[in-house]
Amino acid sequence: MGHGLKAKARVLCGCACALVRSVPAPAHALEFSGGVSVGGIQVGIVPRLAVSPFAGWLWRSEGDFRLEAHNMLSIVPGDGVGFYDRTAVTLGYVTKTTTVSLGPSLAIYSMPVCGAVICNRVVGVAPGGRAQSEWYFAGPLGVSSSVHVDWAGGSSRVLPGSLVVMVTTGPVWRFRAKPK
């Protein structure tokens, strides 16, 4: 692992720890959410379609803030199927029908990517960030939209700029468990 990637990983871990410490305890309720999003992923110079099942585990506090652990596995179909698995820890603001969250993420990926000159399979780990909003319009059923930006690191003719950007939207369903 390069020195730059180690430093970014330390910063990511520090941000996650700060988020965990900033949420008041005890949790008022646990929520589980899951769904499937469809959207675009920009890796290299060619944008591609991605199908992304996701799941989240949320700790709601006494106030309007929550801590969320979220995982999204993006499957990128086409010549040489790829995957992009991302885990994030976010701090969110909650109302009765809406949530908005923001935080650091860490991704593991293996996918075919085309640059300006060549196409090749890239494999690696990428620190980044995630923003998400959810709107619940029928009880536990809603719509989730997210934006992810990751730094793929290193120098590569296949990954110009070393950035991976993904925007997805799709249905979400939540389950609540209140403590006794």
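S.K.: Hey, could you run me through the pairing of strand 7 (residues 141-151) in this one?
M.R.: Two faces, one strand: in a regular strand the side chains alternate between the faces of the sheet. By the alternation rule, side chains of strand 7 split into Gly142, Ser144, Ser146, His148 and Asp150, which are all buried, and Leu141, Val143, Ser145, Val147, Val149 and Trp151, of which none is buried. The sheet contact formed by strand 6 (residues 119-138) and strand 7 spans ten bridges and is antiparallel. Note that in strand 7 the partner of Gly129 across the bridge is Val149.

S.K.: Please clarify how the pattern of salt bridges should be interpreted in this entry.
M.R.: Where charged atoms from two side chains of opposite charge come close, those side chains can pair. Overall, the coordinates contain three salt bridges when judged by the stated rule. Salt-bridge contacts for Arg66 lead to Glu68; the nearest nitrogen and oxygen are separated by 3.1 Å. Each member of the pair, Arg66 together with Glu68, is buried. Linking Glu134 and Arg66 is a salt bridge whose minimum nitrogen-to-oxygen distance equals 3.9 Å. Note that Glu134 is positioned in strand 6 and Arg66 in strand 3 (residues 65-76), a separation of 68 residues in sequence. Residue classification places Arg66 among the buried positions, given a relative accessible area of 2%. One connected set of salt bridges, linked through shared partners, spans Arg66, Glu68 and Glu134.

S.K.: Looking at this structure, I do not really get the environment of His148. What am I missing?
M.R.: Secondary-structure assignment places His148 in strand 7. The exposure class of His148 is buried, given its relative accessible area of 0%. Separated by 62 residues in sequence, His148 and Arg86 place their C-alpha atoms 9.1 Å apart. Within polar-contact distance, the side chain of His148 engages the side chain of Arg86 at 3.4 Å.

S.K.: Just to check I follow, could you spell out the packing of aromatic side chains for this structure?
M.R.: We describe a pair of aromatic rings using the distance from one ring centre to the other and the angle between the two ring planes. Across all of its chains, the model carries four aromatic pairs by this definition. Seen from the ring of Tyr136, Arg174 lies directly overhead, with NZ or CZ sitting 3.8 Å from the centre.

S.K.: Would you take a moment to explain the environment of Leu141 for this structure?
M.R.: Structurally, the position occupied by Leu141 is in strand 7. Assessed through its relative accessible area of 38%, Leu141 is described here as partly exposed. With 31 residues separating them along the chain, Leu141 and Val172 place their C-alpha atoms 6.0 Å apart. Look past the residues within four positions of Leu141 in its chain and what remains in contact with it is Tyr136, Val172 and Trp173.

S.K.: Help me out: how do you make sense of the side chain of Ser110 in this one?
M.R.: Relative to the assigned elements, Ser110 resides in strand 5 (residues 98-114). Only 3.1 Å separates the side chain of Ser110 from the side chain of Arg121, close enough to count as a polar contact. In this structure, Ser110 is in contact with Gly82, Phe83, Arg121, Val122 and Val123, ignoring residues within four places of it in sequence.

About the criteria used
- Residues numbered from 1 in each chain as written.
- Predicted model: local features only at pLDDT ≥ 70, side-chain atom pairs only at ≥ 80, totals over all residues.
- Heavy atoms only, no water.
- Buried < 20%, exposed > 50% of the residue type's maximum accessible area, 1.4 Å probe, protein only.
- Helix = DSSP H or I, 4+ residues; strand = E, 2+ residues; numbered from the N terminus.
- Pairing = 2+ DSSP bridges.
- Salt bridge = Lys/Arg side-chain N within 4 Å of Asp/Glu carboxyl O.
- Polar contact = N/O pair within 3.5 Å; in protein donor to acceptor, adjacent residues only side chain to side chain.
- Phe/Tyr/Trp six-rings, centres within 6.5 Å; stacked < 30°, edge-to-face > 60°.
- Lys NZ or Arg CZ within 6 Å of the ring centre and 35° of its normal.
- Contact = heavy atoms within 4.5 Å.

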